[in-house]
Amino acid sequence: EGPAGIFFASLFVVSSSAIVSKVLAEVGTTHERAGQLALGVTLIEGILAIGVLTLLNTYVTLGSQVGRPALGITLGQLGAFVVLAGIAGLLIVPWLLRRVGVAAGEELQTIGVAALLLALAAMTYAAGYSLALGSLLLGVIVSETPQRFQIERSFEGVRDLFTAVFYVAVGLQIDVGLLWQHALPIIAISVFVVLVRVGATTTSLALVGMPPRDAFRAGLMVAPIGEFSFLFAQLGVVAVLVPAELFPISVGVSLLTSLAASALARRGGDLTQWVAGLQPAWLSAWGGYYRDWIDRIQARRSRNLLWQLSKKRLVQILVSAFFVTGLLVFAERLH
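Student: Which residues make up the pattern of salt bridges, and what values do they have?
Tutor: Summed over the entire model, instances satisfying the criterion amount to five salt bridges. For Arg217, the salt bridge is made with Glu32, and the minimal N-O distance between the two is 3.4 Å. One end of the pair, Arg217, is in helix α10 (residues 212-221); the other, Glu32, is in the loop between α2 (17-27) and α3 (33-62), with 185 residues separating them in the sequence. A salt bridge links Arg197 to Glu45; the nearest nitrogen and oxygen atoms lie 2.7 Å apart. Highlighted residues: Arg197 in helix α9 (residues 183-207) and Glu45 in helix α3, separated in sequence by 152 residues. Summarising the burial analysis for this pair, Arg197 and Glu45 share the class buried.

Laid out in structure tokens, this is it:
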């Protein structure tokens, strides 16, 4: 309970995108519907992790003084910065990539993207947020450009290198004896995490209208926790809000859930068939009725003229409000 409970719960919010993408590539399900759903879940969780990291930093800074107003202001400022950086990036990055693509080869374009990455990460850090937020924003912006596949190919080796360096750096901070000392809690927590994450992901995807089989297979693939969990645990340990044992426990849980995810992804088809066989007829019928209801709502909304005319204006108003707020709040910090 208290700070320890908050940090402990945060460890299991985000799956490891690096591990999930590797597992999907190994089992050959990256381009299947379940694999695409799993990648989508990891992307949404990565965005959520930025917010969680910001809130935890606020908690560490304000301590017991933190409350709903402070959390609301923190989330509002985070949204304003994301919109400000996103609009600025969409205006600059595609234009710069086109100019570099015409005037130079792939090597210079790769160096240019690396420079943009460092610049956006530095700007994010100057605004008071994690470097990971800047990297995530640039990745989203570049994914909307025609050069995305070329840049992805150029950075593939660098991605693998830094992933390895990150996990080596984490491993160097771990006393292996602590893993053995806390073996039982690590195993128990790992089982709990796998069951809860698979169940929560399956339920969430089913509630938005995804077929149960694809939802369940996607849930099996997003079981491992990783990068952000280490950051959350380290933040709590450094702030002396949680016991030092939380960091090696998070690493041990990440290791076991990663091994479990690989095995679950390989046997995903068989497990899906087995779970489908256990499903009662009434639940299957109810699920079919629910998906039909979702489809009817979506079809009705697509035919609603007022919604079609107003939704773009609402988005524009919201984005404009966040953009102006970002200019007013962060202009001095980024000057």
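Student: Hey, could you go over a nonpolar patch on the surface for me, with residue numbers and the actual values?
Tutor: Judged by side-chain polarity, Ile187, Val191, Leu195, Leu255, Leu256 and Leu259 come together as a nonpolar surface patch covering roughly 570 Å² of accessible area. Broken down by secondary-structure element, the contributors of at least two residues to the nonpolar patch are α9 and α12 (246-266). Here Leu256 shows up in helix α12. Leu256 gets classed as partly exposed once you look at its relative accessible area, which sits at 32%.

Student: Give me the lowdown on the packing of α9 against α12, citing residues and values where you can.
Tutor: At a minimum axis separation of 9 Å, α9 and α12 run at an interaxial angle of 50°. Here α9 lies oblique to α12, going by the angle between them. At the point where α9 passes α12, the crossing takes the right-handed sense. Contact residues: α9 offers Ile186, Ile187, Ile189, Ser190, Val193 and Val194, while α12 offers Pro248, Ile249, Gly252, Val253, Leu256, Thr257, Ala260 and Leu264. Classifying every residue of the contact of α9 with α12 by side-chain character gives eleven nonpolar, three polar and no charged.

Calculation rules
- Residues numbered from 1 in each chain as written.
- Predicted model: local features only at pLDDT ≥ 70, side-chain atom pairs only at ≥ 80, totals over all residues.
- Heavy atoms only, no water.
- Salt bridge = Lys/Arg side-chain N within 4 Å of Asp/Glu carboxyl O.
- Helix = DSSP H or I, 4+ residues; strand = E, 2+ residues; numbered from the N terminus.
- Buried < 20%, exposed > 50% of the residue type's maximum accessible area, 1.4 Å probe, protein only.
- Patch = residues over 30% accessible without salt bridge, like charges linked within 9 Å, V, L, I, M, F, W, Y side chains within 5 Å.
- Areas by Shrake-Rupley, 256 points an atom, 1.4 Å probe, with all protein chains shown as cover.
- Axes fitted to C-alpha atoms, helices over the stretch in contact; angles between N-to-C directions.
- Parallel < 35°, antiparallel > 145°, perpendicular 65-115°, else oblique.
- Left-handed = near helix turned anticlockwise from the far one by under 90°.
- Contact = heavy atoms within 4.5 Å.
- Nonpolar A, V, L, I, M, F, W, Y, C, P; charged D, E, K, R; others polar.

Geometric descriptors of this kind do not, in isolation, establish any biological role.
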